[in-house]
Amino acid sequence: MSDQRFIIEMGMGNDQYGMDYTKAAARAIEDAIRHSSIPLFDATGLPHDQMRVQVTVGVAEPDKVDCTELAKGLPRGRATVTAVEGGLNVTNPDSGATLVIATAAVEAFLPRQG
């Protein structure tokens, strides 16, 4: 039986000074989660561990994202995090510092009902 997506939220985060792709991705995930409230679990009595959470983060250098660490930070469900090419790096021409911008899509799934 396949899962059915019941929520998708998008977020954006950045790291202005450290070129830390994991930090920027974490902020994008937090931004996405802040936009959602899921009363479904209280209304139905479903346990949170039935929810599968799939997170996709886009950054300019996906190999620099610690996806395992990001998954640990998700508050509910069985989470996986995948980093893909996306986001944006912006270089300050005066200082040479790079601003890392990440985007995130947080999707939640439950087993398909009936």
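Residues numbered from 1 in each chain as written. Predicted model: local features only at pLDDT ≥ 70, side-chain atom pairs only at ≥ 80, totals over all residues. Heavy atoms only, no water.

## Looking at the overall build of the protein
Now for step 1: Along the backbone of the protein there are three helices and five strands.
Now for step 2: N-terminal to C-terminal, the α/β element order of the protein is β-α-α-β-α-β-β-β.
Now for step 3: Here the C-alpha coordinates of the protein stretch approximately 60 × 25 × 20 Å along the principal axes.
Now for step 4: Here the protein holds 114 residues, and 32% of them are scored as buried.
Now for step 5: As displayed, the protein offers around 6800 Å² of accessible surface, 51% of which is attributable to carbon and sulfur atoms.
Now for step 6: Across the protein, the centroid of the 10 positively charged side chains sits 6 Å from that of the 15 negatively charged ones. (Helix = DSSP H or I, 4+ residues; strand = E, 2+ residues; numbered from the N terminus. Buried < 20%, exposed > 50% of the residue type's maximum accessible area, 1.4 Å probe, protein only. Areas by Shrake-Rupley, 256 points an atom, 1.4 Å probe, with all protein chains shown as cover. Lys, Arg positive; Asp, Glu negative; His and termini not counted. Charge placed at Lys NZ, Arg CZ, Asp CG, Glu CD.)

## Section: unusual backbone geometry
Now for step 1: Of note in this structure, Met 19 is not a glycine but carries a positive phi near 50°.
Now for step 2: Examined against the element boundaries, Met 19 turns out to sit in the loop between β1 (3–15) and α1 (21–34).

## Describing the side chain of Glu 107
Now for step 1: Among the secondary structure elements, Glu 107 is positioned in strand β5 (residues 98–111).
Now for step 2: A polar atom in the side chain of Glu 107 sits 2.7 Å from the side chain of Arg 5.
Now for step 3: Not counting the four nearest positions on each side in its chain, Glu 107 is found in contact with Arg 5, Ile 7, Ile 8, Arg 52, Val 53 and Gln 54. (Polar contact = N/O pair within 3.5 Å; in protein donor to acceptor, adjacent residues only side chain to side chain. Contact = heavy atoms within 4.5 Å.)

## What to know about the nonpolar core
Now for step 1: Core analysis: the largest hydrophobic core is formed by 24 residues, its most contacted members being Ile 29, Val 55, Val 57, Val 65 and Val 81.
Now for step 2: Among residues more than four places away in sequence, those in contact with Val 55 are Ile 29, Leu 74, Thr 80, Val 81, Thr 82, Ala 105 and Val 106. (Core = buried A, V, L, I, M, F, W, Y, C linked by side-chain atoms within 4.5 Å.)

## Describing the environment of Glu 69
Now for step 1: Among the structural elements, Glu 69 can be located in helix α3 (residues 67–72).
Now for step 2: Residue classification places Glu 69 among the partly exposed residues on the basis of a relative accessible area of 43%.
Now for step 3: Sequence separation between Glu 69 and Tyr 17 is 52 residues, and the spatial gap between their C-alpha atoms is 20 Å.

## Observations concerning the packing of aromatic side chains
Now for step 1: As enumerated under the stated definition, the model contains zero aromatic pairs in all.
Now for step 2: The residue whose ring lies beneath Arg 52 is Phe 109, and the NZ or CZ to ring-centre distance is 4.1 Å. (Phe/Tyr/Trp six-rings, centres within 6.5 Å; stacked < 30°, edge-to-face > 60°. Lys NZ or Arg CZ within 6 Å of the ring centre and 35° of its normal.)

## Comments concerning α1
Now for step 1: With 14 residues, α1 ought to run about 20 Å at 1.5 Å a step, and its terminal C-alpha atoms sit 20 Å apart, in line with that.
Now for step 2: Among the structural elements, β1, β2 (52–59), α3, β4 (88–91) and β5 are those in contact with the buried residues of α1.
Now for step 3: Among the residues of α1, the N-terminal cap falls to Asp 20, whose side-chain oxygen and the backbone nitrogen of Thr 22 are separated by 3.0 Å. (Expected span 1.5 Å × (residues − 1).)

## Thoughts on the confidence of the model for the protein
Now for step 1: Of the residues in the protein, 96% have a pLDDT of 70 or more, and the chain-wide mean is 90.
Now for step 2: Per-residue pLDDT, averaged within each element of the protein, yields its smallest value for helix α2 (residues 40–44) (69) and its largest for α3 (97). (pLDDT = per-residue confidence, 0-100.)

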